[in-house]
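Take a look at the letters that make up each chain.
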Amino acid sequence: MGLPRRAGDAAELRKSLKPLLEKRRRARINQSLSQLKGLILPLLGRECLVTATARATAPVWRAWPTCCPPAVSWTPP
């Protein structure tokens, strides 16, 4: 791959490299998230974590994980 000779060549080069750069960026992000998960899960315990889907679908009063209940006890109406 040589240096672009015209202004249009530089734009085409950027356009063609964009998907590759995005793929690498996403791979780095996913790897970092996996490393972070590997560090956090052993410390918290797997049963304490509530997934985003479970939080989104659960009623508000049941969204609290069992390991850390709210400070005030509340029952739904």
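As a reminder, the structure under discussion sits directly above these lines.
Here goes a summary of the coordinates provided. Bear in mind the structure is a predicted one, so any value in this text is a computation, not a measurement. Within each chain, residues carry numbers counting from 1 in the order of the written sequence. Given that this is a predicted model, residues contribute local features only at a pLDDT of at least 70 and side-chain atom pairs are listed and counted only at 80 or more, while totals for whole chains, interfaces and linings are drawn from all residues. Side-chain calculation: all heavy atoms of the structure are included, whereas hydrogens and water are not.

## A few points about the overall build of the protein
So, step 1. When its secondary structure is counted, the protein shows 2 helices and 0 strands.
So, step 2. By residue count, 4% of the 77 residues in the protein fall in the buried class.
So, step 3. Note that accessible areas follow from Shrake-Rupley with a 1.4 Å probe, and for residues the cover is restricted to the protein chains shown. Just so you have it, the protein exposes about 7,400 Å², and 62% of that area is on carbon and sulfur atoms. Here a strand is any run of E in DSSP of at least two residues, a helix any run of H or I of at least four, and the numbering for each starts at the N terminus. Buried, partly exposed and exposed residues are distinguished by accessible area as a fraction of the type maximum, computed with a 1.4 Å probe on protein chains only: under 20%, between the cut-offs, and over 50%, respectively.

## A word on the pattern of salt bridges
Where side chains of opposite charge bring their charged atoms close, a pairing between them can arise.
So, step 1. Take a side-chain nitrogen of Lys or Arg and a carboxyl oxygen of Asp or Glu: if they are within 4 Å of each other, that pair is a salt bridge. Counted by the stated rule, this structure contains 2 salt bridges.
So, step 2. A salt bridge links Arg-25 to Glu-22, with the shortest nitrogen-to-oxygen separation between them at 2.7 Å. One end of the pair is Arg-25 and the other is Glu-22, both in helix 1 (residues 7-44) and 3 residues apart, which spans about a single turn.
So, step 3. For Arg-25, a relative accessible area of 37% puts it in the partly exposed group.
So, step 4. Taking relative accessible area as the criterion, Glu-22 reaches 29% and is therefore assigned partly exposed.
So, step 5. Shared partners join several salt bridges into a network, and the residues in it are Glu-22, Arg-25 and Arg-26.

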